[in-house]
Amino acid sequence: MPSNRIGRINEEIQRELADQLRRLKDPRVSQVGMVSITRVDTTSDLRYARVYISVLDKDQEKDVLKGLKSAAGFLRRELGRALQLRYTPELQFIADDSIQHGAHILEILRQVERQDEARGGPDAGETEE
């Protein structure tokens, strides 16, 4: 479990990288719908950071990761300027499908709810107040 200090640094890295992504000019990243940084995990010595990326359009995920990997040096330099850490971690970008997985589960739950309402299930039409 990361210490509070490492957790705060991870959050700062995530926030700063999210800001940098919006300014990135690489069309593989900038011209894609929604690209989110879902999580950042750094090693305890802050030499490496795993940056988990979620892309709304899964067809473009590989291109986005390639764009981010090619921009990693630039992003690392900008991160170093912004955060003033002793070491600026080397960035490793990893695809994270947790948002898409959550959306899929939500859709399944909605389907089940619609089926219950169509059957006139026990909770159909009831609302809590």
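Not measured: the values here are computed from a predicted model.

Conventions adopted
- Residues numbered from 1 in each chain as written.
- Predicted model: local features only at pLDDT ≥ 70, side-chain atom pairs only at ≥ 80, totals over all residues.
- Heavy atoms only, no water.
- Buried < 20%, exposed > 50% of the residue type's maximum accessible area, 1.4 Å probe, protein only.
- Helix = DSSP H or I, 4+ residues; strand = E, 2+ residues; numbered from the N terminus.
- Pairing = 2+ DSSP bridges.
- Axes fitted to C-alpha atoms, helices over the stretch in contact; angles between N-to-C directions.
- Parallel < 35°, antiparallel > 145°, perpendicular 65-115°, else oblique.
- Left-handed = near helix turned anticlockwise from the far one by under 90°.
- Contact = heavy atoms within 4.5 Å.
- Nonpolar A, V, L, I, M, F, W, Y, C, P; charged D, E, K, R; others polar.
- pLDDT = per-residue confidence, 0-100.

Draft legend 1. Structural view of the pairing of strand 2 (residues 48-55). Burial analysis of strand 2 places six of its eight residues in the buried class, the great majority of the element. With seven bridges connecting them, strand 1 (residues 35-42) and strand 2 associate as antiparallel partners. Counterpart to Val 40 in the pairing with strand 2 is Val 51. Here strand 1 hands over to strand 2 after five residues, with Leu 46 in that stretch at a positive phi of 60°. Summarising the sheet, strand 2 and strand 3 (residues 90-95) pair through six bridges and their orientation is parallel. Bridge pairing in strand 3 links Arg 50 to Gln 92.

Draft legend 2. Structural detail: the packing of helix 1 (residues 4-23) against helix 4 (residues 72-83). Where helix 1 meets helix 4, the axes come as close as 10 Å, and the angle between the chain directions of the two elements is 125°. Between helix 1 and helix 4, the crossing angle belongs to the class labelled oblique. Helix-helix and strand crossings are classified by hand; for helix 1 and helix 4 the assignment is right-handed. Note on element contacts: helix 4 touches helix 1 through Phe 74, Leu 75, Glu 78, Leu 79, Ala 82 and Leu 83, opposite Glu 12, Ile 13, Glu 16, Leu 17 and Gln 20. Tallied by class, residues from the contact of helix 1 with helix 4 come to seven nonpolar, one polar and three charged.

Draft legend 3. Looking closely at the confidence of the model for the chain. For the chain, mean pLDDT is 87; residues scoring 70 or higher make up 91% of the total. When pLDDT is averaged over each helix and strand of the chain, the minimum, 88, is found for helix 5 (residues 98-119) and the maximum, 96, for strand 3.

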